[in-house]
Structures are given as C-alpha cells and as structure tokens.
Amino acid sequence: MKHKQLLDLDSQENQNIGAMEIKENGEEEQQIVNPWKVEAKEGGKIDYDKLIDQFGCQRINQSLVKRVRRLTSRAPHVFLRRDIFFAHRDFNEILDAYERGEKFYLYTGRGPSSEALHLGHLIPFMFTKYLQDAFKVPLVIQLTDDEKCMWKNLTVEESQRLARENAKDIIACGFDITRTFIFSDFDYVGGAFYKNMVKVGKCVTYNKVVGIFGFTGEDHIGKVSFPPVQAVPSFPSSFPHLFSGQDNLRCLIPCAIDQDPYFRMTRDVAPRIGYHKPALIESLFFPALQGETGKMSASDPNSAIYVTDSAKDIKSKINKFAFSGGQDTIEKHRELGADLEVDIPYKYLKFFLDDDIELAYIGKEYGAGRMLTGEVKQRLIQVLTEIVERHRRARAAVTDEMVDAFMAVRPLPNMFD
Amino acid sequence: MGLSKEHLLARLKELQIDFSQYDHPVVLTVEAQAKYVGHLGGGLSKNLFLKDKKSRFYIVSALADTKVDLKVLSVRLGLGKGGLRMAPEESLGEILQVPLGCVTPLSLVNESACNVSLLLDQKFKSQEFCFFHPLSNDMSISLTTNGLDKFLKSIKRDPSYVDLEANPSVGKDQPPDLASLVPSSSVVLADPPETAASSKDCTENTVSVGNKSTKSTVSTSKPSINAKKAQDKPANITDVGKMVDDLLDSTSLLVLKEITEENIKEHGEELGELLSKKIKNQLAAELHNTIMIFKNTAYTEGFHAGMHCHPKRS
C-alpha cells in the first residue's frame, strides 16, 4: 500500500496538520505513520510527542486516568496507568456524557489477513475488554474480510475463513457475549449499514480519499470505495438491531495510533450527516522482539510471540531474539546498568506485568546494573507464558457454535446493565 | 526418487539442527536398533505407517514403550472402529520412499508424502533426544523435539504432539479429538505427467493440513497432567458442580499455602485480612476468565437451543 502524506486541507482538524507537514518538509526527514506504514526517522524511535502534535490529538494525562478510576470504581487498566494507551480524541466528552448517565458503545476491529495472531494484535482487544467490563457498555467488532480479500488478494472464501478463525482468538480475550456483536463485512454489509456507507461516501471526494489513503490510478475501484465500510460502524444507526432509536449514542474507538488518519476522515464526515463524532483512545506501537527499530512481520515468526507458541517457543524466542539493553559484559553492566529505553524485555514487562511495585523494582535494579538481563528475561518468560496459556485455554473453549452466537444478528437486551 | 540420506543430513545441517549420527548394520526392528544405540540414553522411536479405508495415510511415531492401540486411534481420528490398518509394504516405497523397517517422520520431506498425516508421541518431549532413521536403516540420528519441529516446519508441516495412550470417550457430544489430523485428501499415486498437478495439490493441502494441525496443536498441547484443563468441552465447562469444586480448590490451595507457622508468627491476627487481600488479588483475574468462559458457553448453548426450537403447539 503506497504511502502519501495527508494533503487534505479542507476540514478543520486537518488544517493544522497540513500546515505543520509543509513546514516540517522544509526541515529534516519526518517519521511516517499511517494505517499501512509505520517508520521512525532514520533508524531512531518513533517520537510520540511529535506525532500527537502532528495529528492534533490529545495526550492522556494522569488526571484523566484518575477520573476513569473514579467513574469506574476500579483500578485503571495497566495500559492506562503506563501510558500505553496514551492519546485520545474527545475521551473527555465521553466521560462527561457518562457522568450524566449517557452511555456509549465501543467499536474496534481486525483485518483478518493471517491465521497467526501475536501478542501485539491482542493489545487493543485486551484494552477493549477492560473498557467493556469497567464501563459496562456494548461492543461491536468488525472483521474486514472484504478489505483483506482486496488488499491481500485472498479469495472470498479464504478471507471469510480467516475472519472466523480470528474471531475465535478475539472471543478468547474474554468478551461478554451478552454485550458483544461480532460481524464480518461479507456477512453484514447491507440494509441500514449500507445506507450509512452511501451517506459517508457522498461526503468524501475522490481527491480527498486519494490524499488520505494514497490511491493511484492503478488501484482498483474496490479499494477506493472501501473506506466508508470502516467508517460507518462509528454510527449507531448502522446497527438497527442493537441501537434502534438511539441515534444520539456516542461511540468510542480503541485503536493503535496509526489508525488516526483514517478516523479523521470519519470525524470530518460525522457532523455533516447528523451524527456525533466518534471518540478515539489510542495506543503506542508494540515493539518487535528485535527492538523498536525492528518491524514486527507476519512472515518472520521470530519477531513476535504468537498465541500458538508453546512454552518452549516463548522461552527460546525471548532468550534468543529479545533485544537487550544490558551491557556487553557483567562488569560493564554492574557499572552502567541497562538502557531501559531500548531494552525489549523491560518494555514487554511494562505492557504485561500487572504489578506496579514489582515493575518499578525491576526498573530500578536493572537500570542500576544490579539485576542482569537473564533475570529480567526469565521473569518475562513467566509472565508471557501465563498469558499465552490462559489465552489458549480460553481459545480451546470457543466452539463454532459460540462464534455463530457472537456473530448472530440478535438483540442484546442487557447491553448496558 | 526420494531424498537420499546424505541430502537429508545436509539439509539438517543447513537448518542448523543439532543431531548426532550413528552408523550400524541394517536394522529392521526397534529391538535390533536398540542393540546399537539403546545405551546412549534418549528414546528410541517406533514408527508405524498406517492407512485408512479411504486410502489416507498416517505416520504414528512414538516412544518404543508407548502403547499404541490402533482401534482407539481409529476412533479418535473419527474413522470409526477398525478404520486403521498397517499400510501395505508397497506403499512404503511408493509414498514414503524409504525401505522396509525404515518408517520415519523425516520421510515427509519427500513430495510423495505430502498428504501423509503425522502423529507424534507427546512423550517425545520428555526425552532429552530421540532416535530416528534418516531415510535409511543403516543409520540412526538423535534429534531433540525442537530439532524435529524445526525440520518439520521447514517442510511446511506443523508438528502435532498427541497423547497416544489417552482413550477419551467419543460420542455425540464429544467429537473425535484427533479428527483434524486426518488428511484432507487421499494420496494420488500419479504418473510423471500428473505429478505436477498433484504437487500443486500438495501445496494447497499442505496449507490446509497445516491449518488443521494448528488447530489440533491448540487443543492437544494442554497439559494432560492437569486433568481439570484436559477436557474443556462445553459439557464440562458448564458443569456447575465441577466449576464450584475447581474454584474452591484453587482458593483452598492458596489459603493453605499461606497459613504457615512463619506467617502466623509474623502477622498474627492480621493474617486473616492479609490473606483475604491476597486471595482477591491473585485469584480475581483467573476467576473472571473462568466465569466469562462459563457465561459465554451457557449463552451459546441456550442460543443454539433457541435456534432449533420447535414452534409451540397450540
């Protein structure tokens, strides 16, 4: 998928971005972040502060996290506490409405391009499950089998099959069937959903969509007409069997920050067709085993931990491939300590070790050189093995009937209880 | 013709798979093999080449002392009783391209064997290394399960480890647990012009066999030692009595673990409160997961029943 910078200058939100990019182009080479490409500047790390500036979204600060704790009466999720979900758009409005007694619904999704899911794929789902439980709200999950059929040139049948397989791993994350609707585009597009697609389509010019997604004259028309498919789940009227009569219901979309340019288009269109803009809550990228500058790739099984990895695999992958920020020799390490900025085992623990106190301890000891890389890796292996094993157990309990039930177009009477 | 022993060994070296090789006179049985390599530790493998009624082939590779009951395996594969037989001698040469007495998982490297399903004994994993014939019976090589897995993955096979001695009940509500290991198509013993077509089939089938193996790896890699987790079938998941027992067991275990002389001395009266906190912290997540699985399974059963409900007679 070719990359093109965001050129659209029409909509308000996009105006600032356009100006900023033109200015920056005069200076050094930029980092590139969009739904199809994530690249840091010249072998460095992604500068998230710059990204937030560039995109025009907001940082999540500690007072927002405290507010979430107060409203949900429970500890905020690890990802919130540790700045992993770190940016948002209109999350405050969602919380304001929630405090007034107005609920919202969650929308997230997956492009089923491969059977093998790795831990990075699970992160938005783990966070979404937390949001569902903490706020007691319903969730729609979109499986874009049509998108993958088009972009990855899969057959219709294969993309549908992958969608169902991925659905099982998604269900294994622990979503509540009484508040969750999973759907695949091939199954669901039509009716009210399609009506909204047309409404959205009418609001986005060809030039604009080329500017956002980088389409060229060689790209087929299937691709060009796809964007509305991913936009309309943000609007409650797309799901008449769930939200009929609730056109005012707000939507919150947990996703990785590379999706932001995409939902900017949706937010631009929403008020023009009489809907609330969907709110976003965005995460950092999950680093590859080989380090921040490495890329996690489905074709390299050693760049990530997969949910099908055995305990042995996990142990071997972490020991062999996890990029260490420790020093070359023990003496040097005891003297200088580990570089926590680049150390992958420590970063992974930040994502997956629940205990704040233990993590702080490891950070302190490892950073001072008193703890060795081997010990940190060992702890990480324990943590990951537990997660993968729990996922596997849950996955084994997912039957085809359960997938059918999650994907059935059925009412969810208790979805806000 | 099939790959030669030398080529296979070269391939293993290329893949950086550690192995040791032992030359010996030609052996046709595990007992004979034991005379030459039985004293080296590790496990000897016995390898069965099997065929079902629909001309689908299987290699079952097990530790020499694992009991393999073909009748049980047949049912577990969904082939009914007596659906598995030893494959005829000619098929050894035609499909696996190895001589008599030389059945080995490594023979799957040959294209002709692309539709042969492989069942590996879970007990291999408990051995430091195991012995296999490298396409010829005048040599045995020792491989770790990691090495074997690496080799299998390099020929696009998913290693499926199975508890070969298990005998789970198979019935209406308990589908055959090894059904996904049945090859998706029967082997076509083709003439050269058709080989091109069947190798194309091989790639597609390899993909689907791989996919099925992935699914079976998911279900068979549960530790069978822990009986609680071994059978996560809907009937077991929604068994209220069982769930209550399991949950209370976990809690009791934790409580008993923490009530030690040391702890009583250290915390005295506060031990109760401390324990209570600990239970909540440590068990909350696990309980939540278990109960969510319970909820979703119960809902699914109800949903399914509702979908197949007959209209009321009035």
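Residues numbered from 1 in each chain as written. Chains lettered and ligands numbered in written order. Predicted model: local features only at pLDDT ≥ 70, side-chain atom pairs only at ≥ 80, totals over all residues. Heavy atoms only, no water.

To continue, consider the overall build of chain A. A count of helical and extended segments in chain A gives 21 helices and nine strands. The contacts of chain A with a sequence gap of at least 6 include a subset with a gap of at least 24, amounting to 77%. Counting every atom, chain A has about 17500 Å² of accessible surface; 50% of that belongs to carbon and sulfur. (Helix = DSSP H or I, 4+ residues; strand = E, 2+ residues; numbered from the N terminus. Contact = heavy atoms within 4.5 Å. Areas by Shrake-Rupley, 256 points an atom, 1.4 Å probe, with all protein chains shown as cover.)

Helix and strand counts for chain B stand at eleven helices and eight strands. In chain B, which comprises 314 residues, the proportion classed as buried is 40%. Considering only intrachain contacts with a sequence separation of at least 6, the fraction spanning at least 24 residues in chain B is 69%. Within the structure as shown, chain B displays about 17200 Å² of accessible surface, and the carbon and sulfur contribution to it stands at 55%. (Buried < 20%, exposed > 50% of the residue type's maximum accessible area, 1.4 Å probe, protein only.)

With 28 residues of chain B at the interface, the matching set in chain A holds 30 residues. Across the chain B/chain A interface, buried area totals approximately 2400 Å², and carbon plus sulfur atoms make up 60% of it. For the interface between chain B and chain A, the tally reads one salt bridge. Its salt-bridge partner being A:Asp176, residue B:Lys295 comes within 2.8 Å of it at the nearest N-O pair. Where chain B touches chain A, the interface holds eight residue pairs in polar contact (both at pLDDT 80 or more). For the side of chain B that touches chain A, the secondary structure elements donating two or more residues are helix H5 (145–154), helix H6 (192–220), helix H8 (234–237) and helix H11 (271–307) of chain B. Its residues placed into classes, the side of chain B that touches chain A shows nine nonpolar, twelve polar and seven charged. (Buried area = accessible area lost by both parts, 1.4 Å probe. Salt bridge = Lys/Arg side-chain N within 4 Å of Asp/Glu carboxyl O. Polar contact = N/O pair within 3.5 Å; in protein donor to acceptor, adjacent residues only side chain to side chain. Nonpolar A, V, L, I, M, F, W, Y, C, P; charged D, E, K, R; others polar.)

Before going further, it helps to examine the packing of aromatic side chains. Residue and element names in this part refer to chain A. Counted according to the given criterion, the structure contains 36 aromatic pairs over all chains. Here Phe-79 and Phe-85 contribute two aromatic rings whose centre-to-centre distance is 6.2 Å and whose plane-to-plane angle is 25 degrees, an arrangement assigned as stacked. We classify Phe-79 as buried; its relative accessible area is 1%. Classification of Phe-85 by relative accessible area gives buried; the value is 0%. (Phe/Tyr/Trp six-rings, centres within 6.5 Å; stacked < 30°, edge-to-face > 60°.)

Let's shift gears to the packing of helix H6 (residues 119–135) of chain A against helix H20 (residues 373–396) of chain A. Residue and element names in this part refer to chain A. At their nearest, the axes of H6 and H20 sit 13 Å apart, and the two run at 70 degrees to each other. Here H6 lies roughly perpendicular to H20, going by the angle between them. Contacts from Leu-119, Leu-122 and Met-126 of H6 reach H20 at Leu-384, Ile-387, Val-388 and His-391. Residues that form the contact of H6 with H20 fall into these classes: six nonpolar, one polar and no charged. (Axes fitted to C-alpha atoms, helices over the stretch in contact; angles between N-to-C directions. Parallel < 35°, antiparallel > 145°, perpendicular 65-115°, else oblique.)

Across a regular strand the side chains alternate sides, sitting on one face of the sheet and then on the other. Residue and element names in this part refer to chain A. Burial runs high along strand S9 (residues 279–283): five of the five residues are buried. Where strand S4 (residues 85–89) lies against S9, four bridges are found, and the strand directions are antiparallel. For Phe-85, the partnering residue across the bridge sits in S9 and is Ser-283. The parallel pair strand S8 (residues 250–256) and S9 is bridged by helix H15 (residues 260–269), and the resulting crossover is right-handed. (Pairing = 2+ DSSP bridges. Right-handed = clockwise from strand over helix to strand, strands pointing away.)

Turning our eyes to something else, we now look at unusual backbone geometry. Residue and element names in this part refer to chain A. The phi dihedral of Asp-90 is positive, around 65 degrees, even though this residue is not glycine. Its place among the elements puts Asp-90 in the loop between S4 and helix H5 (91–99). Exposure remark for Asp-90: the relative accessible area of 24% places this residue in the partly exposed category. A positive phi is found at Lys-136, a non-glycine position, where the angle reads about 55 degrees. Along the chain, the position of Lys-136 falls in the loop between H6 and strand S6 (139–143). In this structure Lys-136 comes out as partly exposed when scored by relative accessible area, which is 39%.

Quick look at the pattern of salt bridges now. All names here are of chain A. Per the counting criterion, the structure on display carries 37 salt bridges over all chains. One salt bridge in this structure joins Asp-400 and Arg-164, with 3.3 Å as the shortest N-O distance. Remark: Arg-164 occurs in helix H8 (residues 156–171) and Asp-400 occurs in helix H21 (residues 400–407); sequence separation between them is 236 residues. Overall, the relative accessible area of 28% leaves Arg-164 in the partly exposed class. Between Glu-165 and Arg-395 there is a salt bridge; the shortest N-O distance is 3.3 Å. Remark: Arg-395 occurs in helix H20 and Glu-165 occurs in helix H8; sequence separation between them is 230 residues. Here the two residues Glu-165 and Arg-395 agree in accessibility, since each one is buried. Counted as one network, the salt bridges with shared partners bring together Arg-164, Glu-165, Lys-168, Asp-169, Arg-395, Asp-400 and Asp-404.

In this model, chain A carries a mean pLDDT of 88, and residues with pLDDT of at least 70 account for 90%. Low pLDDT, under 50, characterises residues 1–28 of chain A; the stretch is placed with 48 contacts to residues that sit more than four places away or in other chains. (pLDDT = per-residue confidence, 0-100.)

What follows covers the packing of helix H9 (residues 240–258) of chain B against H11(B). Residues and elements named next belong to chain B. One can describe the packing of H9 onto H11 by two numbers: an axis separation of 11 Å at closest approach and a directional angle of 160 degrees. Of the possible angle classes, the one that applies to H9 and H11 is roughly antiparallel. Classified by chirality, the crossing of H11 by H9 is right-handed. Residue-level contacts link Val-240, Met-243, Leu-247, Ser-250, Thr-251, Leu-254, Val-255 and Glu-258 of H9 to Leu-275, Lys-278, Ile-279, Gln-282, Leu-283, Glu-286, Leu-287, Thr-290, Ile-291 and Phe-294 of H11. Looking at side-chain class alone, the contact of H9 with H11 contains eleven nonpolar, four polar and three charged residues. (Left-handed = near helix turned anticlockwise from the far one by under 90°.)

Here we take up H15(A). With ten of ten residues buried, H15(A) is to be regarded as a mostly interior element. What H15(A) keeps buried is the set A:Asp260, A:Pro261, A:Tyr262, A:Phe263, A:Arg264, A:Met265, A:Thr266, A:Arg267, A:Asp268 and A:Val269.

All names here are of chain B. Relative to the elements of secondary structure, Ala-113 occurs in the loop between helix H4 (89–96) and strand S5 (117–121). Between the C-alpha atom of Ala-113 and that of Phe-57, which follows or precedes it by 56 residues, the distance is 8.8 Å. Contacts of Ala-113, omitting those with residues within four sequence positions, involve Ile-95, Leu-96, Ser-107, Leu-108 and Arg-157.

Residue and element names in this part refer to chain B. Summarising burial for strand S2 (residues 43–52): eight of the ten residues are buried, a large majority. Bridge count between S2 and strand S6 (residues 130–132): two bridges; the pairing is parallel. Counted as the bridge partner of Leu-44 is Phe-131 from S6. The pairing of S2 with strand S3 (residues 57–63) spans seven bridges and is classified as antiparallel. Its bridge partner being in S3, Leu-50 is matched across the sheet by Tyr-58. Once S2 ends, the chain turns through four residues before running back antiparallel as S3, passing Ser-55 with a positive phi of about 60 degrees.

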